Amino acid sequence: MKSKKTVLVTGGAGFLGSHLCKRLISQQHRVICLDNFYTGRMDNIAPLLDLPEFEVVEQDVCRPFNIKADVIFHLACPASPVHYQRDPVQTLKTSVLGAIHVLDLAKQLKVPVLFTSTSEVYGDPHVHPQREDYWGNVNCVGPRSCYDEGKRAAETLFMDYHRMHHVDIRIVRIFNTYGPQMCQNDGRVVSNFIVQALRNDPITIYGSGEQSRSFCYVDDQIDGWMRLIDKPKLHTPVNIGNPVEKSMNEIASIILEITGSRSKLVYHPLPIDDPKQRCPDITTAQEELGWEPKVDLLSGLKKTITYFETLLSKTNSEVVS
Ligand code: UDP
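About the cut-offs
Residues numbered from 1 in each chain as written. Predicted model: local features only at pLDDT ≥ 70, side-chain atom pairs only at ≥ 80, totals over all residues. Heavy atoms only, no water. Helix = DSSP H or I, 4+ residues; strand = E, 2+ residues; numbered from the N terminus. Polar contact = N/O pair within 3.5 Å; in protein donor to acceptor, adjacent residues only side chain to side chain. Pairing = 2+ DSSP bridges. Axes fitted to C-alpha atoms, helices over the stretch in contact; angles between N-to-C directions. Contact = heavy atoms within 4.5 Å. Near = heavy atom within 4 Å. Areas by Shrake-Rupley, 256 points an atom, 1.4 Å probe, with all protein chains shown as cover. Expected span 1.5 Å × (residues − 1). Buried < 20%, exposed > 50% of the residue type's maximum accessible area, 1.4 Å probe, protein only. Core = buried A, V, L, I, M, F, W, Y, C linked by side-chain atoms within 4.5 Å. Phe/Tyr/Trp six-rings, centres within 6.5 Å; stacked < 30°, edge-to-face > 60°. Parallel < 35°, antiparallel > 145°, perpendicular 65-115°, else oblique. Left-handed = near helix turned anticlockwise from the far one by under 90°. Right-handed = clockwise from strand over helix to strand, strands pointing away.

Caption draft 1: Region of the structure containing the environment of Asp-160. Its place among the elements puts Asp-160 in helix H5 (residues 145–165). Sequence spacing of Asp-160 and Asn-316 is 156 residues, and the spatial spacing of their C-alpha atoms is 50 Å. Engagement of the side chain of Asp-160 in a polar contact is seen with the side chain of Arg-163, the distance being 2.9 Å.

What follows is the structure, encoded as structure tokens:
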């Protein structure tokens, strides 16, 4: 996006949303951040609140909205298993109604809209690594289904609005992403392990810890989206993630080593339908966007650990005072 744009970011106060808002502001765009603050946090966007180019609208995407913008990034939806499973009906409504409202707006305004989908559309994959043309292996009646099927239905809506109404869509399939501003109580593996390690609390490994994920640093993730929105003809889904795959046991030992923690590992039952492996094939992003991740896991984890150290020291001093 070369010239100055007004950009609507739904879910702009969440972990990824707030990073996107900051990136857009740093590139001189005007940002309207729409969030219902179910999982989004004012703290995430606090540094932007006084800027004239930044506006916050408190609104649930389940209700229609009419906001003038030149570009839309649609992120709004709880994304961590703990949060999206708390009210699964609301999660599914958020995905489906949110997509419809955003797409109706994009159609009316005739503006491009980027949808943040997820690697969860691949479910517990039988194909490894996952390419965008793999249809996935998703349980439609399990505890993760509200999120997985919600995102799948939203992708369908995006493609159908494109085919029927020529809405200028982009779809990014986000693989596990981490970095500063992650929520401490998100239940995510990276935030859990770091917080546990910094407190010398037990590291909670679910299952055998041999299940794998591929972790992308947040700045790389946002780079991918910025390139995708500038690619007008790429309407089919694009994986954005870091293809370096690690088991949860490996992640735990890396975090223990960096933090010098005395935490012990404790093993808990594996949550239902927890995927065994997840790794993106990023050929499309490499070839179409010239994108690939730049931040290696060690450097990314160090930055994230520094963030949590500061956060926890603030929390501790608040408790003391
Ligand atoms: N996990 C874990 N301990 C934790 C939190 C998560 O072992 O304290 C595991 C979880 O079971 C999954 C992986 O880490 O296999 C990634 O979980 P996360 O919730 O971060 O992401 P997702 O499952 O959505 O990929």
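Caption draft 2: Looking closely at the sheet that holds strand S11 (residues 238–240). The seven strands lie next to each other as S3-S2-S1-S4-S5-S6-S11, forming an open sheet whose pairing is parallel. The outermost strands of the open sheet, each flanked by one partner alone, are strand S3 (54–58) and S11. Here the average twist between neighbouring strands, direction ignored, is 20°. Both strand S1 (residues 6–10) and strand S2 (residues 30–35) contribute to a ladder of five bridges, which runs parallel. Residue pairing in the sheet places Thr-6 in a bridge with Arg-30 of S2. Contacts from helix H1 (residues 15–26) reach S1, S2, S3, strand S4 (71–74) and strand S6 (169–174) within the one sheet, and its direction differs from that of S1 by about 170°. The strands that helix H7 (residues 218–229) touches are S4, strand S5 (113–118), S6 and S11; relative to S6, the one it contacts most, it runs at about 160°.

Caption draft 3: Region of the structure containing the site of the ligand. Taken together, 17 residues lie near the ligand, and Val-189, Asn-192, Thr-204, Arg-213 and Asp-274 sit nearest. Interatomic distance of 2.6 Å between a backbone N/O atom of Thr-204 and a nitrogen atom of the ligand. At a separation of 3.0 Å, an oxygen atom of the ligand approaches a polar side-chain atom of Gln-211. Burial of the ligand by the surrounding chains reaches 96%, relative to a free accessible area of 520 Å². Of all the secondary-structure elements, those providing two or more residues to the shell around the ligand are helix H6 (189–198) and strand S8 (203–206).

Caption draft 4: Here's a closer look at H1. Its twelve residues place the ends of H1 17 Å apart at the C-alpha level, agreeing with the 16 Å of an ideal helix rising 1.5 Å per residue. Counting buried positions along H1 yields ten of twelve residues, so the element is predominantly enclosed. All of the buried residues along H1 are Phe-15, Leu-16, Gly-17, Ser-18, His-19, Leu-20, Cys-21, Arg-23, Leu-24 and Ile-25. Looking one or two residues past H1, Gln-28 carries a phi angle of roughly 75°, positive in sign.

Caption draft 5: Region of the structure containing the nonpolar core. Ranked by internal contacts, the top residues of the largest apolar core, which has 61 residues, are Val-9, Leu-20, Leu-24, Phe-73 and Trp-225. Sorting elements by how many residues they give to this core places helix H10 (residues 297–320) first, with seven residues. Discounting residues that sit within four places of it in the chain, Val-9 has contacts with Gly-17, Leu-20, Cys-21, Leu-24, Val-31, Ile-32, Cys-33, Leu-34, Phe-73 and Leu-75.

Caption draft 6: The packing of aromatic side chains, seen in detail. Taken as a whole, this structure holds seven aromatic pairs when the rule is applied. Ring geometry for Tyr-178 and Tyr-217: centres 5.6 Å apart, planes at 70°, overall edge-to-face. On the criterion of sequence distance, the pair formed by Tyr-178 in strand S7 (residues 177–178) and Tyr-217 in strand S10 (residues 216–217) is long-range, its members being 39 residues apart. Residue Tyr-217 is classed as buried on the basis of its relative accessible area of 4%. Through a chain of ring-to-ring contacts, three or more aromatic side chains come together here, namely Tyr-122, Tyr-134 and Phe-175.

Caption draft 7: Just the packing of H6 against helix H8 (residues 248–259), in detail. One way to put it is that H6 packs onto H8 with a least axis distance of 10 Å and a crossing angle of 40°. Taken together, the axes of H6 and H8 are oblique relative to one another. Considering the relative orientation of H6 and H8, their crossing is right-handed. Only Met-248, Ile-251, Ala-252, Ile-255, Leu-256 and Thr-259 of H8 make contact with H6, whose side of the interface consists of Val-189, Val-190, Phe-193, Ile-194, Ala-197 and Leu-198.

Caption draft 8: Expanded view of the side chain of Thr-118. With respect to the element layout, Thr-118 can be found in strand S5. Polar side-chain contacts of Thr-118 include one of 2.8 Å to the backbone nitrogen of Glu-120. Not counting the four nearest positions on each side in its chain, Thr-118 is found in contact with Tyr-147, Lys-151, Val-172, Arg-173 and Ile-174.

Caption draft 9: Geometry of the pairing of S6. For S6, the buried fraction is high: six of the six residues fall into the buried class. Of the two faces of S6, the one holding Ile-169, Ile-171 and Arg-173 and the one holding Arg-170, Val-172 and Ile-174 are both buried throughout. The pairing of S5 with S6 spans six bridges and is parallel. Within the sheet, the bridge partner assigned to Val-113 lies in S6 and is Ile-169. Regarding the hand of the β-α-β motif, the stretch spanning S5, H5 and S6 is right-handed. Of the strand pairs in this sheet, S6 and S11 are connected by three bridges, and their pairing is parallel. Residue pairing in the sheet places Ile-174 in a bridge with Ile-240 of S11.

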